[in-house]
Amino acid sequence: MAGQRILIVEDSPTMRQLLVFALKRMKGVDIVEAQDGMDGLRKVTSDHFDLAFVDINMPVMDGLKLISLIRGEQNLAQMPICVITTEGAKEDRERAISLGANEYLTKPIQANKVLAVAKALLKLEG
Amino acid sequence: MSETEDNLGADRGDAVLAIFQRGAEFTKQILEENTRLRRELSEVQLRHGQAAQSDTEWDKLRGELISKIEELENQNDAILEQLRSVEGENLQFAERYVEVEEENNNLANLYVASYQLHSTLDPSEVVKVILEIVINLIGAEIFGVYVIEEGTDELRPVASEGEPVSAFPMLQVGEGLVGRSVTEGEVELGDPGASGGPPSRGGEPVVSIPLRVDDRPVGAIVIYKLLQQKDGFSALDNELFTLLAGHAATAIFASRLYAQSERKLSTIQGFIDLLTK
């Protein structure tokens with residue numbers, strides 16, 4: 001588990017803090033935060049990450065745009081991405097998945113679900 | 001006696017001798033067979049004798065085996081009982097683990113909410129944090145934040161989500177679900193059968209969370225609609241309501257006081273600068 005790097009792209013400080021709180025339960029992970037889609041894109045293209053949590057509704061650049069740009073980069077095509085959104089409808093889920101997201105979490109977020117998704121996408125046991 | 005008669009006599013003697021020799025050999029074989037059979041007989045008789053003697057020993061051995069079986073069965077029962085006990089304990093541990101995980105989850109949400117509420121003294125930032133908590137941690141789609149106008153009994157909407165602030169009506173302290181919750185200082189849940197839609201379309205509140213500082217009402221958070229995937233309110237939501245009722249009110253009050261004191265400080269500083277010029 002040592003050395004796993006996770007990127008959180010979320011404009012809400014409350015949500016960022018909750019995600020960090022949940023993910024820090026995994027030992028040895030390095031978590032980097034981005035405040036919007038553009039900030040997230042800068043970070044993901046300049047550094048290596050093993051997983052990204054991306055909020056959909058963000059200023060400057062929304063999450064769906066960010067995901068499509070990430071998937072357009074050859075070296076990022078396989079990076080696991082979990083989308084976080086307020087939208088619970090099945091169509092929204094399918095849209096996010098069709099754009100390249102691997103998993104989908106709806107608000108209100110539960111810390112244990114964040115942890116479970118992270119472990120699954122990082123292929124960790126326990 | 002003639003030669004022929006001599007030869008004939010010799011031949012007859014050889015034949016008799018051969019017969020006697022064959023007879024002797026046959027007799028020897030018979031005797032050997034007899035000895036062997038006698039030996040076997042004596043062995044059989046010996047075994048028969050021994051078998052006849054171990055009936056009591058067989059009974060004793062059977063008794064010992066039965067005791068051993070009973071002992072092993074008792075041990076087996078004891079082990080099964082221990083296994084059931086361990087399984088029961090494991091189940092209790094698993095249930096307790098789930099409870100602890102849920103509690104941990106809830107505490108994480110409450111910690112983050114509390115931390116964020118008290119992380120700023122800017123009134124607009126405090127309101128923004130309240131909006132984030134209600135959207136992200138409770139899961140509300142349409143809601144408004146009300147404050148009591150100073151010197152009046154009116155609740156004025158100051159912030160909202162899902163609808164513009166102008167869509168939220170002015171409310172009266174003491175009247176209706178919201179007014180009642182503010183007066184009594186208790187969270188009030190709306191009619192579960194109500195549409196819970198936006199206020200601009202006549203929707204009724206789903207829940208009213210009174211904001212109080214030192215038992216003095218300062219406002220309310222009124223939720224009109226929950227997110228689609230939110231079924232209802234959980235124990236965590238009730239905890240968040242309680243947290244918001246106290247901490248959000250304190251945060252708003254403190255940030256306003258700070259803002260006022262900052263303004264007064266600037267004013268006083270301005271006067272001092274004027275006087276000292």
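Refer to the structure printed above.
Fair warning: this is a prediction, and the values are worked out from it, not measured in the lab.

Colleague: I tried to follow the overall build of chain A on my own but got confused; where do I start?
Modeller: Scanning chain A from N- to C-terminus turns up 5 helices and 5 strands. Helices and strands in chain A line up, N terminus first, as β-α-β-α-β-α-β-α-β-α. Compactness check: chain A gives a C-alpha radius of gyration of 13 Å against a globular reference of 14 Å for 126 residues, within 12% of the reference. A total of 126 residues make up chain A; the buried ones form 41% of that total. Contacts in chain A between residues far apart in sequence, at least 24 positions, make up 61% of those at least 6 positions apart.

Colleague: Please explain the overall build of chain B as it appears in this structure.
Modeller: A tally of helices and strands in chain B yields 5 helices and 6 strands. Ordered by position from the N terminus, the helices and strands of chain B form the series α-α-α-β-β-β-α-β-β-β-α. In terms of overall dimensions, chain B is more spread out than a globule: its C-alpha atoms have a radius of gyration of 54 Å, far above the 19 Å expected for 277 residues. If you line up chain B on its principal axes, its C-alpha atoms span 190 × 45 × 40 Å. Every one of the 277 residues in chain B was classed for burial, and the buried ones make up 25%.

Colleague: Help me out: how do you make sense of the nonpolar core in this one?
Modeller: Proteins that are soluble and globular tend to have nonpolar side chains buried together. All names here are of chain B. By size, the foremost hydrophobic cluster in this structure holds 81 residues, and its most contacted members are Val134, Ile221 and Ile223. Sorting elements by how many residues they give to this core places helix H5 (residues 235-276) first, with 10 residues. Val134 has contacts with Ala140, Phe143, Ile221 and Ile223, leaving out every residue within four places of it along the chain.

Colleague: Would you mind going over the sheet that holds strand S4 (residues 81-85) of chain A with me for this structure?
Modeller: Adjacent strands of a sheet pair through backbone hydrogen bonds, lying either parallel or antiparallel. All names here are of chain A. As summarised here, the arrangement of the 5 strands in space is S2-S1-S3-S4-S5, forming an open sheet in which the pairing is parallel. Only two strands of the sheet have a single partner each, and these edge strands are strand S2 (30-34) and strand S5 (103-106). The average undirected angle you get between the axes of adjacent strands in this sheet is 20 degrees. Pairing of strand S1 (residues 5-9) with S2, which is carried by 5 bridges, proceeds in the parallel orientation. By the bridge assignment for S2, Arg5 is matched with Asp30. In this fold helix H3 (residues 63-72) packs onto S1, strand S3 (51-55) and S4, with an angle of close to 150 degrees to the strand it touches most, S3.

Colleague: What is the right way to read the packing of helix H1 (residues 13-23) of chain A against helix H2 (residues 55-117) of chain B from this model?
Modeller: For any two helices packed against each other, one specifies the crossing angle of their axes together with the interaxial distance. Between H1 of chain A and H2 of chain B, the least distance of the axes is 10 Å, while the angle of their chain directions is 140 degrees. The orientation of H1 of chain A relative to H2 of chain B falls into the category oblique. By crossing handedness, the relation of H1 of chain A to H2 of chain B is classed as right-handed. Contacts between H1 of chain A and H2 of chain B involve Pro13, Thr14, Gln17, Leu18, Phe21 and Ala22 of chain A from the first element and Ala108, Asn109, Val112, Tyr115 and Gln116 of chain B from the second. For the contact of H1 of chain A with H2 of chain B, the per-class residue count stands at 7 nonpolar, 4 polar and no charged.

Colleague: Is there a simple way to think about the interface of chain A and chain B in this case?
Modeller: Interfaces are often sized by the amount of accessible area the parts lose when they come together. Contact with chain A, which involves 18 residues of that partner, is made by 18 residues of chain B. Its residues placed into classes, the side of chain A that touches chain B shows 9 nonpolar, 8 polar and 1 charged.

Colleague: What's the story with the sheet that holds strand S1 (residues 140-148) of chain B in this structure? I'm lost.
Modeller: Residue and element names in this part refer to chain B. Read across the sheet, 6 strands follow the order S3-S2-S1-S6-S5-S4 without closing on themselves; strand pairing throughout is antiparallel. Each of the sheet's edge strands pairs with one partner strand only, and the pair in question is strand S3 (171-172) and strand S4 (188-189). Here S1 pairs with strand S2 (residues 154-161) via 6 bridges, running antiparallel. Bridging from a neighbouring strand, Gly144 pairs with Ser160 of S2. Taken strand by strand, helix H3 (residues 123-138) contacts S1, S2 and strand S6 (216-226), and its axis lies near 145 degrees from that of S1. Contacts between H5 and the sheet are confined to strand S5 (207-213) and S6, with S5 contributing the most and set at about 45 degrees to the helix.

Colleague: Before we go on, may I ask you to explain the pairing of S3 of chain A in this structure?
Modeller: Consecutive side chains of a regular strand alternate in pointing toward one face of the sheet and then the other. Residues and elements named next belong to chain A. Most of S3 is tucked away: 5 of the 5 residues are buried. The side-chain alternation of S3 yields two buried faces, one formed by Leu51, Phe53 and Asp55 and the other by Ala52 and Val54. Examined bridge by bridge, S1 and S3 share 4 bridges and lie parallel to one another. Bridging from a neighbouring strand, Ile6 pairs with Leu51 of S3. Strand direction decides the pairing type here: S3 and S4, joined by 4 bridges, are parallel. In the strand pairing of S4, Phe53 is matched with Cys82.

Rules and cut-offs
- Residues numbered from 1 in each chain as written.
- Chains lettered and ligands numbered in written order.
- Predicted model: local features only at pLDDT ≥ 70, side-chain atom pairs only at ≥ 80, totals over all residues.
- Helix = DSSP H or I, 4+ residues; strand = E, 2+ residues; numbered from the N terminus.
- Rg over C-alpha atoms; globule rule 2.2 N^0.38 Å.
- Buried ≥ 20, exposed ≤ 12 C-beta atoms within 10 Å, placed from the backbone.
- Contact = placed C-beta atoms within 7 Å.
- Core = buried A, V, L, I, M, F, W, Y, C linked by C-beta atoms within 7 Å.
- Pairing = 2+ DSSP bridges.
- Axes fitted to C-alpha atoms, helices over the stretch in contact; angles between N-to-C directions.
- Parallel < 35°, antiparallel > 145°, perpendicular 65-115°, else oblique.
- Left-handed = near helix turned anticlockwise from the far one by under 90°.
- Nonpolar A, V, L, I, M, F, W, Y, C, P; charged D, E, K, R; others polar.

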